[in-house]
Every structure is written in C-alpha cells, then in structure tokens.
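An overview of the molecular structure
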Amino acid sequence: MSQINLIMTKRSVFLVWIFSLFFCNNNLVAQESTEKEFVITGSPIITVFANYHAGFGANNDISGFELTRAYLGYQFKLSPTLSGKAVLDAAVSPIEEHLASQKREVYLKNAMLTWKDKGFIVNGGLTSLYQFNLQEKFWGYRYIAPSFQDLYKMGPSADLGITIEYQFIPWLSADFSFTNGEGYRYLNTDNKYRYALGLTLQPFKNFTFRAYGDIYQQSGQDEEQRTLAFFAGYKTDYFSLGAEYNYQENNKWKTGNNYSGYSVYTTVPVNKKWKVFGRYDNIDSNNSNDKSWISFTGEMMIAGIEYQPIKQLKIAPNYKYVKDFDTQLLTHDSFHTVYLNVLFNW
C-alpha cells in the first residue's frame, strides 16, 4: 500500500510540475507577445517659416525675403502611455525682429516627456504650455502671425516645468502648469515661478469656450504679474469664427504696467486646397509713469488666402495693416504690407 501511495505521490508531484511548467510557459509567451505588440516608434520634426514682403504707399521702401523660424527635432513613443520629443528653434532675435538686417538665435524649445493615460496628460521638462495653445490652433496661421498673447509678449509658448491636463467628461477638461515663467529662451533658477490654471468647455457641438489665468511671482517683488484670458470659438466644415480677450496686470512686476486687448479671426474653406482667412487685433495699454516700459497700443488687420498643394506645404498671399503700434525699436503711425508666406512642415 505504501508503494502505491508513493507512486501516486510521485505522479501528483510530476503532474503539478508539468502543469506549473505549462502555466508559467504560457504566461511567459503571453507576456512576450504583449511586449512584442508595442513597437517603439519615432519621427523627425522639420518646420520652416519663410516669406517675401513688400510695403506700398508711404511704406514702399520696405521689402525683402525672410526666413523667420525653423524647427528641427525628433518625437518618439516609448510605450502606449509614454512619449517625448526634443526640438531646436532657430528664430530671429526678439531684439532684432524689426531691423532690416537680422541674426538668428538657436534655442532648445522642447525637451520633454509625456505620460498619457486614464484621462490624464502629464508633461515634464522643457514643455509646451497650454496658455494660448488652443487659440493658436484655432487661428491656424502661426507661420503668418503668432496668436495674440504670443505676439504681444504676454507669456511664453514653452517653459521649464510641469503641466497636467485632465479630461473630466467629454465636454470638460482642466489644465494646470507650474513653471519657471521665463520661457525657453531663459532657463534661470532665480526663484521666479508662474502658476497657471485653465478650463476648457465644449457644451455643444462645434463650440469651444476657454478661461485661463496665471500668477507670475518673483522673490523680493511686492507685486505679482497676473494674466487673464477668455476665448470662444465656433467651427464647422464651412467656416470657423474665434474671439479672445486678454488682460495682463503689473507687467514685469511693475505697478500700473497694464495692457489688454482682443482678437477676432475667421477662416472659410473654399475646397480641400483653398481657404480664405482674416484677423483683427486691438490692443491698448495705460499711460504708465515707468519710462522703461515698452507699451503696446494699436491695431492690426490681416486678410489673405491659403493654398495647400500637398500636406507638407502651405502658401499664403496676404495683406497686413498695422496702425499706431509701439514696439521695442520702432514707432510708426501705420504700415501697409503685402506678404507671401510659406510653411513647410514635415
């Protein structure tokens, strides 16, 4: 009897061992197949902004070719939830952007990782910001003119820090960012921080509303720089119409250095390759006693057409009118200019 029990015990151990081996092997195969299902991918980023422009009327002495910006980088996906990118930005120096002879400066604009899962999007590093991201996409012609907040220096498009976005329900999302506040051109550790919060709503089809606010603090400064922005847009297959209002208080932490304004823009697709677009900006600043402050006062109008022969290329002849706009190096009553803008995007 003991022999029979011994034989049965050995058989049981043997069966358990076979079953365990089979089960573990299946787990390993399943794990390997799951890992093999995802393939790490990557692609280059190449974007170039160029134009030819000529003034007319009282401004007929203004003309020339420009290469205003070039992005060169690489984007990659490491897993179903983790991705990243690194991008160099070669652009005209802000100090020389109104000079006839311009130099290019090269900056690292993005060096970031992105985690996306379960309604969350978390970006870390030298990351793009949500400040005017939605408005810029809705306007859609960054290669012709930056969006309002970007053009009038209300805040940077990228910065060193962390951004978090969460989709609560299909029509409501919120985003938060904690950054240095100085943008990607200046990566100083000087105890300056910008805290920003945005809310995006899509209460019904084709309509989007966004509210945004930030506080920019610097150690030793009594004042905080504060920004508020509101956007509303309606977009269909036949036309798009967007409007935004922006306000900044205590620019560069100086009491009373305030300015505000609005921008309205529209696009009407004619067919798959042709679009008609227009935009109007109006900006006003208070009469500050700070003589070192560069004020913004005036209006701008853009009207043109865009032709896209292939996915990677856009060509846009357009007219630009600028009135009573004070800039860092140039003050003028009005400018009438025609442009031929070109975007190459790979």
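Preceding block: the structure.
Residues numbered from 1 in each chain as written. Predicted model: local features only at pLDDT ≥ 70, side-chain atom pairs only at ≥ 80, totals over all residues. Heavy atoms only, no water.

Moving on: the overall build of the protein. Per the secondary structure count, the protein includes 3 helices and 16 strands. For the protein, long-range pairs separated by at least 24 residues make up 51% of all intrachain contacts whose partners lie at least 6 apart in sequence. Put simply, the protein shows about 19,900 Å² of open surface, and 62% of that area lies on carbon and sulfur atoms. (Helix = DSSP H or I, 4+ residues; strand = E, 2+ residues; numbered from the N terminus. Contact = heavy atoms within 4.5 Å. Areas by Shrake-Rupley, 256 points an atom, 1.4 Å probe, with all protein chains shown as cover.)

Bringing the environment of Trp-346 into the picture now. Within the secondary structure layout, Trp-346 lies in the segment after β16 (331-345). Looking at Trp-346, the relative accessible area reads 56%, which means it is exposed. Between the C-alpha atoms of Trp-346 and Thr-47, which are 299 residues apart in sequence, the distance is 6.3 Å. Once residues lying within four places of it in the same chain are set aside, the contact partners of Trp-346 are Pro-44, Ile-45, Ile-46 and Gln-312. (Buried < 20%, exposed > 50% of the residue type's maximum accessible area, 1.4 Å probe, protein only.)

Bringing the layout of surface pockets into the picture now. Roughly 210 Å³ of volume is contained in the second largest pocket. Lining the second largest pocket are 14 residues, and of these Phe-138, Tyr-141, Lys-235, Thr-267 and Lys-275 sit closest to its centre. Contributions of two or more residues to the lining of the second largest pocket are made by α2 (133-139) and β12 (259-269). No other element matches the 3 residues that α2 contributes to the lining of the second largest pocket. Broken down by class, the residue content of the lining of the second largest pocket amounts to 5 nonpolar, 4 polar and 5 charged. (1 Å grid on protein atoms, 1.4 Å probe; cavity = no way out; pocket = protein on both sides within 12 Å on 5 of 7 lines; lining within 4 Å. Points joined across faces, edges and corners; volume = space filled by probe spheres on them. Nonpolar A, V, L, I, M, F, W, Y, C, P; charged D, E, K, R; others polar.)

Here we take up the side chain of Thr-47. Tracing the chain through its elements places Thr-47 in strand β1 (residues 41-55). A distance of 2.8 Å separates a polar atom in the side chain of Thr-47 from a polar atom in the side chain of Asn-345. Beyond its immediate chain neighbours, meaning those up to four positions away, Thr-47 contacts Arg-69, Ala-70, Tyr-71, Leu-343, Phe-344 and Asn-345. (Polar contact = N/O pair within 3.5 Å; in protein donor to acceptor, adjacent residues only side chain to side chain.)

For Thr-68, the position within the fold is in strand β2 (residues 63-77). For Thr-68, a relative accessible area of 24% translates into the label partly exposed. Counting along the chain gives 19 residues from Thr-68 to Phe-49, while the straight-line C-alpha distance between them is 5.7 Å. Beyond its immediate sequence surroundings of up to four residues, Thr-68 is in contact with Phe-49, Asn-51, Ala-90, Ala-91 and Val-92.

Under the definition given, this model contains 20 aromatic pairs. Ring geometry for Trp-139 versus Tyr-141: centroids 5.0 Å apart, planes at 65°, classification edge-to-face. In this structure Tyr-141 comes out as buried when scored by relative accessible area, which is 3%. Between Phe-148 and Tyr-152, the ring centres sit 4.6 Å apart and the planes meet at 65°, which makes this aromatic pair edge-to-face. The two residues Phe-148 and Tyr-152 agree in class, both being buried. (Phe/Tyr/Trp six-rings, centres within 6.5 Å; stacked < 30°, edge-to-face > 60°.)

With that settled, consider empty space enclosed by the protein. The final tally for this structure, using the stated rule, is 1 cavity of 30 Å³ or more. The space that makes up the largest cavity amounts to roughly 40 Å³. Looking at the largest cavity, the residues that line it are Leu-129, Tyr-130, Gln-131, Asp-175, Ser-177, Thr-179, Arg-194, Ala-196 and Tyr-212. Those elements that place two or more of their residues in the lining of the largest cavity are β7 (172-179) and β8 (192-201). The greatest single-element share of the lining of the largest cavity, amounting to 3 residues, is contributed by β7. Here the residues of the lining of the largest cavity are counted per class, giving 4 nonpolar, 3 polar and 2 charged.

Let's shift gears to the side chain of Lys-314. Note that Lys-314 resides in strand β15 (residues 313-326). The side chain of Lys-314 is buried and forms no salt bridge, while Glu-306, the nearest opposite charge, is found at 4.4 Å. When near neighbours in sequence (up to four residues on either side) are disregarded, Lys-314 contacts Tyr-143, Glu-306, Tyr-307, Gln-308, Asn-341, Val-342 and Leu-343. (Lys, Arg positive; Asp, Glu negative; His and termini not counted. Salt bridge = Lys/Arg side-chain N within 4 Å of Asp/Glu carboxyl O.)

This part covers the pattern of salt bridges. Within this structure, the stated rule accounts for 10 salt bridges. A salt bridge links Lys-192 to Glu-182; the shortest N-O distance between them is 3.3 Å. Linking Lys-192 in strand β8 with Glu-182 in the loop between β7 and β8, this pair joins segments that are 10 residues apart in sequence. A salt bridge links Arg-279 to Asp-281, with the shortest nitrogen-to-oxygen separation between them at 2.8 Å. Taken as a pair, Arg-279 and Asp-281 share a single burial class, namely buried.

Now for the nonpolar core. By size, the foremost hydrophobic cluster in this structure holds 25 residues, and its most contacted members are Tyr-143, Ile-144, Tyr-152 and Phe-277. Among the elements of the structure, β1, α2, β12, β13 (274-285), β14 (298-310), β15 and β16 are those that each provide at least two residues to this core. (Core = buried A, V, L, I, M, F, W, Y, C linked by side-chain atoms within 4.5 Å.)

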